[in-house]
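Each chain is listed here by its residues.
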Amino acid sequence: MLKEERAQVSFEYLLTAVFGIMLAISTAIVIETLRQMALKAQADLLTERARIIENILQ
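Residues numbered from 1 in each chain as written. Predicted model: local features only at pLDDT ≥ 70, side-chain atom pairs only at ≥ 80, totals over all residues. Heavy atoms only, no water.

## A few points about the overall build of the protein chain
Stage number 1. For the protein chain, the helix and strand inventory stands at 1 helix and 0 strands.
Stage number 2. In summary, the protein chain has a C-alpha radius of gyration of 25 Å against a globular reference of 10 Å for 58 residues, an excess of more than 25%.
Stage number 3. For the protein chain, the spread of C-alpha atoms along the three principal axes comes to 85 × 10 × 5 Å.
Stage number 4. Evaluated residue by residue, the protein chain yields a buried proportion of 0% over its 58 residues.
Stage number 5. Accessible surface for the protein chain amounts to roughly 5,600 Å². Of this, 71% is attributable to carbon and sulfur atoms.
Stage number 6. Taking the average place of the 6 positive charges on the side chains of the protein chain and the average place of its 7 negative ones, the gap between the two points comes to 5 Å. (Helix = DSSP H or I, 4+ residues; strand = E, 2+ residues; numbered from the N terminus. Rg over C-alpha atoms; globule rule 2.2 N^0.38 Å. Buried < 20%, exposed > 50% of the residue type's maximum accessible area, 1.4 Å probe, protein only. Areas by Shrake-Rupley, 256 points an atom, 1.4 Å probe, with all protein chains shown as cover. Lys, Arg positive; Asp, Glu negative; His and termini not counted. Charge placed at Lys NZ, Arg CZ, Asp CG, Glu CD.)

See below:
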């Protein structure tokens, strides 16, 4: 294998690794955003439930 071919293969592996890392980071950001949204929705639901129960008991 020539030096140029070896350098080309190494560069392709580097691009693949960078793409994989960027994909993993993007996925982590999406998952964290969805988790935050779910936690907020859960908190809103619990607050609304507590308000409704309080109104029923009055």
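Additional details are given in the paragraphs that follow.
## Observations regarding the pattern of salt bridges
Stage number 1. Counting across every chain of the model gives 3 salt bridges.
Stage number 2. With a closest N to O distance of 2.9 Å, E32 and R35 form a salt bridge. Taken together, the residues span about one helical turn, with E32 and R35 both in helix α1 (residues 3-57) at a distance of 3 residues.
Stage number 3. Take E32: its relative accessible area is 36%, and that puts it in the partly exposed class.
Stage number 4. Between R51 and E48 there is a salt bridge; the shortest N-O distance is 2.4 Å. (Salt bridge = Lys/Arg side-chain N within 4 Å of Asp/Glu carboxyl O.)

## Side note on a nonpolar patch on the surface
Stage number 1. Taken together, the side chains of F11, L14, L15, V18 and M22 define a hydrophobic patch exposed on the protein surface, amounting to about 490 Å² of accessible area.
Stage number 2. Along the chain, L14 falls in helix α1. (Patch = residues over 30% accessible without salt bridge, like charges linked within 9 Å, V, L, I, M, F, W, Y side chains within 5 Å.)

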